[in-house]
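What follows is each chain in one-letter form.
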Amino acid sequence: MAEKHLIALDLDGTLLTDDKKISERNKRVIKKAREEGHVVMIATGRPFRSSEMYYHELQLDTPIVNFNGAFIHHPLDSSWGVHHSPLSIDVAKDIVEALDDFKFYNIIAEVIDDVYVHYHDEKLMDIFNLGNPNITTGDLRRYLKTSPTSMLIHSDEEHVRKIRAHLSEVHAEVIDHRSWAAPFHVVEIVKNGLNKAVGLKKASDYFQIPSERIIAFGDEDNDLEMLEYAGRGIAMGNAVDDVKNIANDMTLTNEEDGIGVYLNDLLNLKAL
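Sequence order as written defines residue numbering, which begins from 1 separately in each chain. Local features in a predicted model are, by the rule used here, given only for residues with pLDDT of at least 70; side-chain atom pairs are given and counted only at 80 or more, and totals for whole chains, interfaces and linings are based on all residues. Excluded from the side-chain calculations are hydrogens and water; all other atoms, namely the structure's heavy atoms, are used.

A. Representation of the packing of aromatic side chains. Each Phe, Tyr or Trp ring, with Trp reduced to its six-membered ring, pairs with another whose centre is within 6.5 Å; inter-plane angles below 30 degrees give stacked pairs, above 60 give edge-to-face pairs, and intermediate values give tilted ones. By the definition in use, this model includes five aromatic pairs. An angle of 75° between the planes, with centres 6.4 Å apart, marks the rings of phenylalanine 48 and tyrosine 55 as edge-to-face. Any residue under 20% of the maximum accessible area for its type is buried, any over 50% is exposed, and the rest in between are partly exposed; the area is computed with a 1.4 Å probe on protein chains only. Look at phenylalanine 48 and you get buried, because its relative accessible area is 15%. Overall, tyrosine 55 belongs to the buried group, its relative accessible area being 0%.

Next comes the structure, spelled out in structure tokens:
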């Protein structure tokens, strides 16, 4: 058997197909990897409520990284600890105030499973309703009372760049921000210093698996630190260029079972 590895999986664009499913081939390979003693975990920008179904579908028993490292916990073991690192509520409200000077469609703040939406939007409700959160609609300066786990700003491509430039200029000391790829032009904000690698390090310390035996898969710029931290950072075939440039290796796309094909070969699983 290969030495025990920690395998970290991003969800959207990585483990999940474009229709948000886990392929049978990927499931089969992941199951075989776990049977052979390897540790598999999820590291996602999603909240737990919209990643929980995949956690259970893979029958995982490991910690999970949500909100890009702002919320890390073990769904099956409360003694593992809950690591929640929200933004300052004052900074969150400053950001909302400053956005009056920019063009944007909406702002969403999430406090674990409570969702605050600046403007009512049926399409957004469909996306954020997953897992039945408590949803409050209205001006965040008035309705947001608790430090948010993360914030999302929905705009168009041109204004996302301008908003990110402003955030870097004014709030660089206290926040980190990312952008989503098309078709959604969104700025995602978490507390400064948080990323998926923070959660991956907590898990690797817990399982006593050194970084050289960590395999991490990703496709977007919120995966960069995780792929750099892992001994093997693997870019999906559909990954953005920044991810491909820092990755140690590349696999097939999320539509071609890139995770399953790569792990089966690397760990000699004979599962395909």
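B. Quick peek at the pattern of salt bridges. The rule for a salt bridge is simple: a side-chain nitrogen of Lys or Arg has to be within 4 Å of a carboxyl oxygen of Asp or Glu. For the coordinates displayed, the defined rule picks out 20 salt bridges. Two residues, aspartate 100 and arginine 141, come together in a salt bridge whose shortest N-O distance is 3.0 Å. With aspartate 100 in the loop between α4 (89–98) and β6 (106–111) and arginine 141 in helix α6 (residues 140–143), this residue pair connects regions lying 41 residues apart in the sequence. Looking at aspartate 100, the relative accessible area reads 48%, which means it is partly exposed. Note that lysine 196 is salt-bridged to aspartate 223, the shortest N-O span being 2.6 Å. Separated by 27 residues along the polypeptide, lysine 196 in helix α8 (residues 196–207) and aspartate 223 in the loop between β12 (214–218) and α9 (224–229) bring together distant segments of the chain. Residue lysine 196 shares its accessibility class with aspartate 223, and that shared class is buried. Taken together, the shared-partner salt bridges in this structure form one network comprising Glu97, Asp100, Asp139 and Arg141. Strands here mean DSSP runs of E at least two residues long; helices mean DSSP runs of H or I at least four residues long; both are numbered from the N terminus.

C. Fine view of the environment of histidine 83. For histidine 83, the position within the fold is in strand β5 (residues 83–84). Two residues qualify as a contact provided that any one of their heavy atoms is within 4.5 Å of a heavy atom in the partner residue. Residue contacts for histidine 83: discarding those within four places in its chain leaves Ala70, Phe71, Ile72 and Lys202.

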